[in-house]
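Okay, here's what each chain looks like letter by letter:
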Amino acid sequence: RGGERMEIDGGVMEGGGQILRVCTALSCLRGLPLRVRRIRAGRSQPGLRPQHLSGLEVIRDLCDGKLEGGEIGSTEITFTPGKIKGGTHIADTKTAGSVCLLMQVAMPCVLFAASPSELHLKGGTNAEMAPQIDYTVMVFKPIVEKFNFTFNCDIKKRGYYPQGGGEVVVQMSPVKELSPINLTERGTVTKIYGRAFVAGALPIKLAKDMSAAAVRCIRREIRDLYINIQAVREPDDQAFGTGSGIIVVAETSTGCLLAGSSLGKRGKNADKVGIEAAEILLRNLKHGGTVDESLQDQLIIFMALANGVSRVKSGPITLHTQTAIHFAEQLTKAKFTVTKLEEEDPSKDTYIIECQGMGMVNPNL
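Residues numbered from 1 in each chain as written. Predicted model: local features only at pLDDT ≥ 70, side-chain atom pairs only at ≥ 80, totals over all residues. Heavy atoms only, no water.

(A) Up close: the sheet that holds strand S8 (residues 166-172). Spatial strand order, S5-S6-S8-S7-S12: five strands in an open sheet with mixed pairing. The open sheet is flanked by strand S5 (87-92) and strand S12 (239-240), the only strands paired with a single partner. Direction of pairing for strand S6 (residues 117-123) relative to S8: antiparallel, over a ladder of seven bridges. Across the sheet, Ser 117 pairs through a bridge with Met 172, a residue of S8. Where helix H3 (residues 99-110) meets the sheet, it contacts S5, S6, strand S7 (151-159) and S8, and its direction lies at approximately 160 degrees from that of S6. Contacting S7 and S8, helix H4 (residues 133-144) crosses the sheet at an angle of about 170 degrees to S7. (Pairing = 2+ DSSP bridges. Helix = DSSP H or I, 4+ residues; strand = E, 2+ residues; numbered from the N terminus. Contact = heavy atoms within 4.5 Å. Axes fitted to C-alpha atoms, helices over the stretch in contact; angles between N-to-C directions.)

Quick look at the structure:
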């Protein structure tokens, strides 16, 4: 396609690494050369961290692209995509950088590759400021597969802050196009389940305490539902380093999945970790939306690529979601509208995110 580079200001709105992920994935898919300036301008350490650089490198490798400015601390990159190819790709943050964020950037691209892909993603599986791998498998996967594709995610080894050392293998076949989704009926909560985990040097008692605290907290709001939060110790051969955390998922009668999760860290009481996850879940159940705040922004790129109109009912729109919408509209022909729902319970803060997708078609199939 040649021609003009898209100019992106990486410091606007949420101003973090997400702008880079959305824009490079769409640049790769559309064959649009890109320049991103002021990368992570609003952060305490601006510029590329190992996490973001690995994401850029995996996109570059996926499409035989050219990347300039790709070093740690760089606040400006240019990216020239080539043709997306399948096959085996390795992305390694060499830190506790999140494998889930690597997956976020790569997944839309490999859906439109010429052949199946296998992504070996290395780094942190349960890291702060990113979805935990358990969230990716338990919530993100079943919902995003409603766009009419499937993927396999095999957790080879879990890795925690600060060393990382985890590995996840994602296998995925390309599709001709994505179907739009309609997630507008929340239904009623039918079950609540989850997993509290410890790994490395930590005793199983911590996991049991997290689980019990989360159950008690949820019980205060939701009395008559069976709640099953398993306490597990990750097997030593399947975890690197020491870590702990919890995820609690609510499933509804219409198949919606909403979650709350939290990570343990040194000096943080186990009860507090469990309560934090439970409170996030309860907050996400209150607004009446069909997705929680973590899933909200992750669906935007798929809605933009889908062929047709997608609708998602959500709680308050996060800045991450507004940012994803802004850049998805800039880089595709998709059109989003966000409408506050007034007619329902006025105490609920509920919105409909609607998108007329661009109808991306895989040229290779």
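(B) The arrangement of the environment of Gly 11 in detail. Following the sequence through the fold, Gly 11 ends up in the loop between strand S1 (6-9) and helix H1 (17-30). As a C-alpha pair, Gly 11 and Val 36 span 25 residues in sequence and 9.4 Å in three-dimensional space. Those residues in contact with Gly 11, other than ones at most four positions away along the chain, are Arg 37, Arg 38 and Ala 41.

(C) Examining the packing of aromatic side chains more closely. One pass over the full model with this rule turns up six aromatic pairs. Measuring from ring centre to ring centre gives 6.4 Å for Phe 140 and Phe 151, while their planes differ by 50 degrees; the resulting arrangement is tilted. One end of the pair, Phe 140, is in helix H4; the other, Phe 151, is in strand S7, and eleven residues separate them in sequence. No difference in accessibility class separates Phe 140 from Phe 151, as the two residues are buried. Ring centres 5.8 Å apart and planes at 25 degrees place the aromatic pair Phe 149 and Phe 302 in the stacked group. (Phe/Tyr/Trp six-rings, centres within 6.5 Å; stacked < 30°, edge-to-face > 60°. Buried < 20%, exposed > 50% of the residue type's maximum accessible area, 1.4 Å probe, protein only.)

(D) Quick look at the UniProt feature "binding site: ATP" (unreviewed entry) in the protein chain. On the UniProt side, "binding site: ATP" (unreviewed entry) is annotated at positions that read Gln 104 here. Sequence-distant contacts of Gln 104, defined by excluding residues within four places in its chain, comprise Arg 21, Pro 131 and Gln 298. (UniProt positions renumbered as here; feature names shortened; annotations may be inferred.)

(E) Region of interest: the pattern of salt bridges. In this structure the tally under the stated criterion is 24 salt bridges. Across the salt bridge formed by Arg 43 and Glu 14, the nearest N and O atoms sit 2.9 Å from each other. Separated by 29 residues along the polypeptide, Arg 43 in the loop between strand S2 (34-37) and helix H2 (50-62) and Glu 14 in the loop between S1 and H1 bring together distant segments of the chain. According to the relative accessible area criterion, Arg 43 is partly exposed, its value standing at 29%. The partner of Lys 85 in a salt bridge is Asp 64, with the nearest N and O atoms 3.2 Å apart. With Lys 85 in the loop between strand S4 (77-80) and S5 and Asp 64 in the loop between H2 and strand S3 (66-68), this pair connects stretches of sequence that are 21 residues apart. Judged by its relative accessible area of 31%, Lys 85 falls in the partly exposed class. Its relative accessible area of 55% is what places Asp 64 among the exposed residues. Among the ionic contacts, a cluster of salt bridges with common partners joins Glu 7, Arg 35, Arg 37 and Glu 76. (Salt bridge = Lys/Arg side-chain N within 4 Å of Asp/Glu carboxyl O.)

(F) Summary view of the domain arrangement of the protein chain. The domain architecture assigned to the protein chain consists of domain 1 (6-183 + 291-358) and domain 2 (189-286). A C-alpha centroid distance of 25 Å is found between domain 1 and domain 2. Taken together, the 24 residues of domain 1 in the interface contact 28 residues of domain 2. For the pair domain 1 and domain 2, the summed buried surface comes to about 2100 Å²; carbon and sulfur atoms form 56% of the total. Of all residues in domain 1, Gln 132, Met 138 and Tyr 160 bury the most surface against domain 2, accounting for 28% of the area lost on that side. Viewed at the interface, domain 2 and domain 1 are joined by four salt bridges. Here Arg 158 makes a salt bridge to Glu 234, at a shortest N to O gap of 3.3 Å. Between the two partners, domain 1 and domain 2, sit ten residue pairs in polar contact (both at pLDDT 80 or more). Looking at the side of domain 1 that touches domain 2, the elements that each hand over two or more residues are H4 and S7. (Domains from an automatic or database assignment. Buried area = accessible area lost by both parts, 1.4 Å probe. Polar contact = N/O pair within 3.5 Å; in protein donor to acceptor, adjacent residues only side chain to side chain.)

(G) Region of interest: helix H6 (residues 270-286). An ideal rise of 1.5 Å per residue puts 24 Å on 17 residues; H6 measures up with 25 Å between its terminal C-alpha atoms. Three or more residues of H6 are buried, namely Ala 270, Val 273, Gly 274, Ala 277, Ala 278, Leu 281, Leu 282, Asn 284 and Leu 285. For H6, the angular spread of buried residues about the axis comes to 165 degrees, placing them on one side. Exposed residues pointing more than 90 degrees away from the buried face of H6 are listed as Lys 272 and Lys 286. Contacts from the buried residues of H6 go to strand S10 (189-199), helix H5 (204-221), strand S13 (243-252), strand S14 (257-263) and helix H7 (293-298). With a side-chain oxygen positioned 2.6 Å from the backbone nitrogen of Asp 271, the residue opening H6 is Asn 269. (Expected span 1.5 Å × (residues − 1). Arc of directions from axis to C-beta.)

(H) Main features of the pairing of strand S17 (residues 351-356). Where strand S15 (residues 309-314) meets S17, six bridges bridge the pair, whose relative direction is antiparallel. The partner of Arg 311 across the bridge, within S17, is Glu 354. Relative to S17, strand S16 (residues 335-340) is paired through six bridges, and the arrangement is antiparallel. Bridging across to S17, Lys 340 finds its partner in Tyr 351.

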